[in-house]
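The chain contents come next:
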Amino acid sequence: MKVNDRTKDIIALLKENKAASVEDLAKLLFVSPATIRRDLTDLEKAGIVRRTHGGVVYMEKTDEVSIFLRQASNPEEKSMVAYIAAHNLPDFNTAFMDNSSTCLALCERMNLRNKTIFTNGLQIALSVSQQDTASVILPGGELKYNTSAMYGSLAARMIASFNYDIAIMSCSAVDSWGSYEASLEAMEIKKVAMERAKKRVLIFDRTKIGTSTTFCTAPLEYYDMLITNASNKETEPLRKISKDIKITNF
């Protein structure tokens, strides 16, 4: 799915108003109805909206933002974090990577040849598979319509059946207590992977600091390393719980 500023504007309008007609969206965004219809077709395929006769309804039940939209959100920040992580991660042969746009950015910048990557994210798996001699393993489970990821009890059980040298994951938010997710399912998958990993690394961009969402994955002390593009001043609140937290940044 191609995400642009107009697509983001459509989603923002629908979040506020819950529903809208094609004609109203076209007038508000100064484009033709045909252009709006093409955008809505893409958004419906991603599971973000539902088309109606002459209009569209925002899908309130969406728990986790589509990875395609997450890729388009703060791409420069994610690129910076991915660059820092690629040069500072400890050596490993096997790793679990979560279904985050930040981990996807990391895969695109990291040499994963001769390594085995376990992930519940389809986009992550496809990215890793493009590297020669890299192995990728996906769990079974329920394919969530808007996330391109495997979730559910079957996925959790399969992830729990392996050991990992390292678990590399991002988060929806992070504060001085811990890391958070927007959905219960995402939190549960990450908890399981972290329990089976020898080392745990949290990678996140500066925009995640100081915010929180409903589901807490783990306290910061549970991670062996935090990697971010935030400055020392921006990461200072994260050291309130423990001065021993290892934070790698610029």
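Residues numbered from 1 in each chain as written. Predicted model: local features only at pLDDT ≥ 70, side-chain atom pairs only at ≥ 80, totals over all residues. Heavy atoms only, no water.

Undergrad: Please explain the sheet that holds strand 10 (residues 173-174) as it appears in this structure.
TA: The strands making up a sheet associate through backbone hydrogen bonding, with each pair oriented either parallel or antiparallel. With antiparallel pairing, the three strands of this open sheet are ordered in space as 10-11-13. Looking at strand neighbours, the two that pair on one side only are strand 10 and strand 13 (215-219), the edges of this open sheet. Sitting on the sheet, helix 9 (residues 184-195) is in contact with strand 11 (178-181) and strand 13, with an inclination near 20° to strand 13. (Pairing = 2+ DSSP bridges. Helix = DSSP H or I, 4+ residues; strand = E, 2+ residues; numbered from the N terminus. Contact = heavy atoms within 4.5 Å. Axes fitted to C-alpha atoms, helices over the stretch in contact; angles between N-to-C directions.)

Undergrad: Would you mind going over the packing of aromatic side chains with me for this structure?
TA: A full pass over the atoms with the stated rule returns three aromatic pairs. Considering the side-chain rings of Phe 96 and Tyr 164, the 5.9 Å spacing of their centres and the 55° angle between planes classify their relative orientation as tilted. One end of the pair, Phe 96, is in strand 4 (residues 94-97); the other, Tyr 164, is in strand 9 (residues 164-169), and 68 residues separate them in sequence. Here Phe 96 falls in the buried class, since its relative accessible area comes to 0%. Looking at Tyr 164, the relative accessible area reads 1%, which means it is buried. Arranged with centres 4.7 Å apart and planes meeting at 45°, the rings of Phe 118 and Phe 162 form a pair that is tilted. Residue Phe 118 is found in strand 5 (residues 116-119), and its partner Phe 162 is found in the loop between helix 8 (153-159) and strand 9; the two are separated by 44 residues along the sequence. Look at Phe 162 and you get partly exposed, because its relative accessible area is 29%. Put simply, the rings of Phe 96, Phe 118, Phe 162 and Tyr 164 pair up and form one aromatic cluster. The ring of Phe 92 has Lys 115 sitting right over it, with the charged end atom 4.7 Å from the ring centre. (Phe/Tyr/Trp six-rings, centres within 6.5 Å; stacked < 30°, edge-to-face > 60°. Buried < 20%, exposed > 50% of the residue type's maximum accessible area, 1.4 Å probe, protein only. Lys NZ or Arg CZ within 6 Å of the ring centre and 35° of its normal.)

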